[in-house]
Amino acid sequence: MTETHDAPARIRPSRGADFSRIYGVGGYRPVRVIPNEEVLQWIDSSDEWIRTRSGISERRWAGPEETVSEMSVQAAGKAIAQAGIAPEQIGAVVVSTVSHLKQTPAIATEISHRLGCGTAAAFDISAACAGFGYGLSLADGMVRTGSAEYVLVIGVERLSDLTDTSDRSTAFIFGDGAGAVVVGPAAEPGIGKMVWGSDGAQADVISQTQAWDTAFAKEDAVNGAGDEIKWPALRMEGQTVFRWAVWEMAKVAQQALDAAGISADQLGAFIPHQANMRITDAMIKALKLPASVPVARDIAETGNTSAASIPLAMERMLASGEAKSGDLALVIGFGAGLVYAATVVTLP
């Protein structure tokens, strides 16, 4: 007698939209403007030196009420409105930040609740200046697998909290702000393959000066002794980062173009992470980007806002008419880790 066996159970394949795209973008810039003249009260430098080395003339720093949550809610509200959907249609909220100072809970849960996104999945990611790209790739995957119809991706930083104003190499660099996009289903590709990765061998070239437990241990050791405890801050080996970004990130940007099947002259905008104006200029040259392609140079007025810089620049370029809805844009982020992420997107 032949023994029969039932077929093994199989997981039903998940299925979402064929493609995804960005439907809305929003940004928030803090009220307080910090010009180079104010920075020169902290460090021995000059306005000319800061502009020449970085391209920065001013940056925005958040006030007490402009929290990571508040800036995110302001930026996300604009993105949701532009996307033309209701907050409760958001199926997931992804927040990229390195400056939310609570280990848990994720700030994404508070932001989701404040926006009225119901029971949306909500979580934070830490990918520094490449964080927006990482979040965008996660959103693309969620929409296409069907785990969320619309995904809210937020890049937000309060880097002023982590800036050592006595450090001549970094005091002038960082700014605060939030940028957000809504990603949803599309009939044709609106987000290209994400070319992303990391180089952990160079993890120490951009880092926090000390871990929180080290700072707390020092505080315990000198408690009552009257000694000052230095708050952990960001440090950077500027020349190492500059060389890596100039030589390696142009290659990554070209890989993103190739993966999308797009040539540089077909772009409607180039939106790199706003790290340094000289890095941007070097990438333009390496990519042989036509002069007719508009390039984001928001660093001049915003400083380096890490995960927020790309969506902030995207919003400004669209609002000013420098870039247009439906244009193709090459976006690339890179920073602490060292990490990077680049892709081509259709602008909302």
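Preceding block: the structure.
Keep in mind that what you see is a predicted model, and the values were worked out from it rather than measured.

K.L.:
Is there a simple way to think about the sheet that holds strand S8 (residues 195-198) in this case?
P.N.:
Backbone hydrogen bonds are what pair the strands of a sheet, in a parallel or an antiparallel way. Taken in spatial order, the four strands make up an open sheet running S8-S13-S12-S11, and their pairing is mixed. Here the strands that pair on one side only, and so sit at the sheet edges, are S8 and strand S11 (269-272). Looking at each pair of strands side by side, their axes are set apart by 10 degrees on average, direction ignored. Judged from the four bridges that link them, S8 and strand S13 (residues 339-346) form a sheet pairing that is antiparallel. Across the sheet, Gly 197 pairs through a bridge with Tyr 340, a residue of S13. Against the sheet, helix H10 (residues 309-320) contacts S11, strand S12 (328-335) and S13, and its axis sits at roughly 150 degrees relative to S11.

K.L.:
Looking at this model, I keep getting lost on the sheet that holds strand S6 (residues 150-158). Mind explaining?
P.N.:
Taken together, five strands build an open sheet; the order of strands is S1-S7-S6-S4-S5 and the sheet is mixed. Only two strands of the sheet have a single partner each, and these edge strands are strand S1 (19-28) and strand S5 (121-125). Averaged over neighbouring strand pairs, the angle between their axes works out to 20 degrees when direction is ignored. Relative to S5, strand S4 (residues 90-96) is paired through five bridges, and the arrangement is parallel. Bridged to Val 93 within S5 is Ala 122. Against the sheet, helix H3 (residues 68-83) touches S1, S4, S6 and strand S7 (176-186), its axis set at about 130 degrees to S1. Lying on the sheet, H10 is in contact with S1 and S7; it crosses S1 at an angle near 85 degrees.

K.L.:
Explain the packing of H3 against helix H4 (residues 107-115) to me, please; I cannot follow it from the model alone.
P.N.:
The geometry of a pair of packed helices is captured by two quantities: the angle between their axes and the separation between those axes. Their axes nearest at 10 Å, the elements H3 and H4 cross at an angle of 50 degrees. By the angle between their axes, H3 is oblique relative to H4. As H3 packs across H4, the resulting crossing turns out to be right-handed. Each of Val 68, Ser 69, Glu 70, Ser 72, Val 73, Ala 76, Gly 77 and Ile 80 in H3 lies in contact with H4, whose residues at this interface are Ile 107, Glu 110, Ile 111, Arg 114 and Leu 115.

K.L.:
Got a minute to help me understand the pattern of salt bridges in this structure?
P.N.:
A side chain of one charge can pair with a side chain of the opposite charge when the charged atoms of the two come close. Summed over all chains, the structure comprises 11 salt bridges. Put simply, Glu 70 and Arg 114 hold a salt bridge, and the shortest N to O gap is 2.5 Å. One end of the pair, Glu 70, is in helix H3; the other, Arg 114, is in helix H4, with 44 residues separating them in the sequence. Of the residues examined, Glu 70 reaches a relative accessible area of 21% and is grouped as partly exposed. Measuring nitrogen to oxygen at the nearest pair gives 2.8 Å for the salt bridge that ties Asp 161 to Arg 158. Its relative accessible area of 25% is what places Asp 161 among the partly exposed residues. If you follow the salt bridges from partner to partner, you end up with Asp 298, Arg 316 and Glu 322 in one network.

K.L.:
How do you make sense of the pairing of strand S3 (residues 58-61) when you look at a structure like this?
P.N.:
Regular strands show a simple pattern: their side chains alternate between the two faces of the sheet. Burial along S3 is one-sided: the residues Arg 59 and Trp 61 are buried and none of Glu 58 and Arg 60 is. Where strand S2 (residues 32-35) meets S3, four bridges bridge the pair, whose relative direction is antiparallel. Within S3, the residue paired with Ile 34 across the bridge is Arg 59.

What counts as what
- The residue count restarts for each chain, going from 1 along the sequence in the order it is written.
- Two thresholds apply to this predicted model, a pLDDT of at least 70 for residue-level local features and 80 or more for giving and counting side-chain atom pairs, whereas whole-chain, interface and lining totals are computed over all residues.
- In computing side-chain properties, one takes all heavy atoms of the structure into account and sets aside hydrogens as well as water.
- Should DSSP find at least two bridges between two strands, the strands are taken to pair.
- Strands are runs of DSSP state E lasting at least 2 residues, helices are runs of H or I lasting at least 4, and numbering of each runs from the N terminus.
- For helices, the fitted axis covers only the stretch in contact; all axes are lines through C-alpha atoms, and the angles between them, taken along N-to-C directions, range from 0 to 180 degrees.
- Contact criterion: two residues are considered in contact whenever any of their non-hydrogen atoms come within 4.5 Å of each other.
- Comment on the angle field: the value is read as roughly parallel under 35 degrees, roughly antiparallel over 145, roughly perpendicular from 65 to 115, and oblique elsewhere.
- The hand of a helix crossing depends on one turn: near helix anticlockwise from the far one by less than a right angle means left-handed, and clockwise means right-handed.
- Take a side-chain nitrogen of Lys or Arg and a carboxyl oxygen of Asp or Glu: if they are within 4 Å of each other, that pair is a salt bridge.
- The buried label applies to any residue whose accessible area, calculated with a 1.4 Å probe on protein chains only, is under 20% of its type's maximum; exposed applies above 50%, and partly exposed to all values in between.

Everything listed here is a matter of coordinates, which is why it stays silent on function.
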